[in-house]
Amino acid sequence: MKVGIPKEIKNNENRVGMTPAGVAEMVAHGHVVYVQHTAGEGSGFADAEYVAAGATILPTIEEVYAIAEMIVKVKEPVEPEYALVRPGQLLFTYFHFASEEELTHAMIKSGAVCLAYETVQLANGALPLLLPMSEVAGRMAVLNGAYYLQRTKGGKGKLISGVPGVPPTKVLVLGGGIVGEAAARMAAGMGAEVTITDISLPRLRQLDIETPANVHTLYSSEHNIREQLPVTDIVIGSVLVPGDKTPHLITKDMLKLMEPGTVLVDVAIDQGGCFETSRPTTHSEPTYTIDGIVHYCVANIPGAVPNTSTLALTNATLRYAIALADKGWKQACKDDAALFKGLNVAEGKVTFKAVADVFGLPYEPIEL
């Protein structure tokens, strides 16, 4: 199969769809890989490394899309890419369709097969292709929250760890999944007093046993969240409903419960956001303030550490990419129920129910 790796063009997105090591594996399976010129540069991978791995370098993104049967990316196609996508072409990337109606309609119109990393799901409910970026995003959420807690950045002027004789900050983590646990562990390791919420009692029990002593668990309810907000310095929003829009756990009226300079970090912004007042931001303009509350809602947080993120992502996606290239998408999805759940849009049809429901579109499941 002809596999294309285009350069990401989303704002400040320096990750790349595959490492040179991943390309070498694809080539070893007999596939031809085309990489756009400088696609890996932002992640620390030079064109020469891809050539050494067996790839062919193409000068433009148009050439990559024109020749490839499968496109492997990191982020969803943006508007300049819509016209490049061909009927029947397979796109394997993060899509987050439920928060992107324009993208959804563009991919339906394209006739492409859109297989989304974020909805590939194992029988136990785990999301193996979301997990590595969730781990990165959870850790980065705390680092960014601590940074914007500085007075010079609009925050309260508190050091997350405190110092002897001065108490540490209080961090509230909404959602006890992979992002939430990573955030809680990072914040705890930095010395903060952490509260993590979830609606699953078994998950709360697990977190209570496995996380450090300065992490406390709390059942997630509006009442409990409201009680925490007046004494919280950083709120990390990390709730996920796979493939669907994220519920708003903090509404606009709840902002008045918080002290000015409190920092909200919305890791769920890709799926619509945990906070009613959230709107996507970029690494070049990461924050805005509403009612004195600092909002950090960057939609591609792991893009700030692209070398780590690209290595971690390729580790997770490569075996699925190889299966798709070896077998074609229909047979690969027939053989792997987890991969089958990644199908969101295929040949003009919405094949993932949550996406169809969000936009009132017909749901047309694929039968293999």
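Residues numbered from 1 in each chain as written. Predicted model: local features only at pLDDT ≥ 70, side-chain atom pairs only at ≥ 80, totals over all residues. Heavy atoms only, no water.

**Notes on the sheet that holds strand 1 (residues 2-5)**
- With respect to topology, 8 strands assemble into an open sheet ordered 3-2-1-4-5-6-14-15, the strand pairing being mixed. The two strands at the open ends of the sheet, each matched to only one other strand, are strand 3 (56-58) and strand 15 (349-350). (Pairing = 2+ DSSP bridges. Helix = DSSP H or I, 4+ residues; strand = E, 2+ residues; numbered from the N terminus.)

**Overview of the sheet that holds strand 8 (residues 193-198)**
- What the 7 strands build is an open sheet, ordered 9-8-7-10-11-13-12; its pairing is mixed. Two strands in the sheet have a free side with no partner beyond their single neighbour: strand 9 (215-219) and strand 12 (287-290). The mean inter-strand angle of the sheet, taken between neighbouring strand axes irrespective of direction, is 20 degrees.
- As paired elements, strand 7 (residues 170-174) and strand 8 share 5 bridges and run parallel to each other. Each residue of the ladder has a partner; that of V173, found in strand 8, is I196. (Axes fitted to C-alpha atoms, helices over the stretch in contact; angles between N-to-C directions.)

**Quick notes on the packing of aromatic side chains**
- A complete count under the given rule lists 5 aromatic pairs for this structure.
- With a centroid separation of 4.7 Å and 85 degrees between ring planes, the pair formed by F92 and Y117 is classed as edge-to-face. Separated by 25 residues along the polypeptide, F92 in strand 5 (residues 90-93) and Y117 in the loop between strand 6 (113-116) and helix 6 (131-148) bring together distant segments of the chain. Neither F92 nor Y117 differs from the other in exposure class; each is buried.
- Measuring from centroid to centroid gives 4.6 Å for F95 and F97, while their planes differ by 10 degrees, and the two rings are stacked. Across the pair, exposure class does not vary: F95 and F97 are buried alike.
- Members of the aromatic cluster, connected to one another through ring pairs, are F92, Y94 and Y117.
- Geometry around Y288 places R279 over its ring, the cationic atom sitting 3.8 Å from the centre.
- Taking NZ or CZ as reference, R319 lies 4.2 Å from the ring centre of Y320, over its face. (Phe/Tyr/Trp six-rings, centres within 6.5 Å; stacked < 30°, edge-to-face > 60°. Buried < 20%, exposed > 50% of the residue type's maximum accessible area, 1.4 Å probe, protein only. Lys NZ or Arg CZ within 6 Å of the ring centre and 35° of its normal.)

**Digging into helix 7 (residues 178-189)**
- When the terminal C-alpha atoms of helix 7 are compared, their 16 Å separation across 12 residues agrees well with the 16 Å that a helix rising 1.5 Å per residue should span.
- When we look at burial in helix 7, the residues that qualify are V179, G180, E181, A182, A183, A184, A187 and A188.
- Packed against the buried residues of helix 7 are helix 6, strand 7, strand 8, helix 8 (201-210), strand 9 and strand 10 (234-237).
- Looking one or two residues beyond helix 7, the residue adopting positive phi is G191, at roughly 100 degrees. (Expected span 1.5 Å × (residues − 1). Contact = heavy atoms within 4.5 Å.)

**Brief notes about the layout of surface pockets**
- A volume near 970 Å³ is recorded for the largest pocket.
- Taken together, 43 residues form the lining of the largest pocket, with G177, I178, S238, V239 and L240 sitting closest to its centre.
- For the lining of the largest pocket, the secondary structure elements donating two or more residues are helix 6, helix 7, strand 8 and helix 8.
- It is helix 6 that provides the largest number of residues to the lining of the largest pocket, a total of 4 residues.
- A per-class count over the lining of the largest pocket returns 22 nonpolar, 15 polar and 6 charged.
- The volume enclosed by the second largest pocket comes to roughly 240 Å³. (1 Å grid on protein atoms, 1.4 Å probe; cavity = no way out; pocket = protein on both sides within 12 Å on 5 of 7 lines; lining within 4 Å. Points joined across faces, edges and corners; volume = space filled by probe spheres on them. Nonpolar A, V, L, I, M, F, W, Y, C, P; charged D, E, K, R; others polar.)

**Focus: the pattern of salt bridges**
- All chains considered together, the criterion is met by 17 salt bridges.
- The salt bridge involving E81 is made with K73; its shortest N-O contact spans 3.9 Å. Judged on exposure class, the residue E81 and its partner K73 are both buried.
- Bridged by salt links that share partners, the residues K10, K75, E76 and D270 form one connected network. (Salt bridge = Lys/Arg side-chain N within 4 Å of Asp/Glu carboxyl O.)

**Comments concerning the pairing of strand 13 (residues 293-296)**
- Residue alternation in strand 13 divides its side chains into two sets, I293 and H295 and V294 and Y296, and both sets are buried.
- Bridge analysis of strand 12 against strand 13 gives 4 bridges, and the strand direction is antiparallel. When the bridges of strand 13 are listed, Y288 appears paired with H295.
- Hairpin connection from strand 12 to strand 13: 2 residues lie between these consecutive antiparallel strands, with D291 at a positive phi of about 50 degrees.

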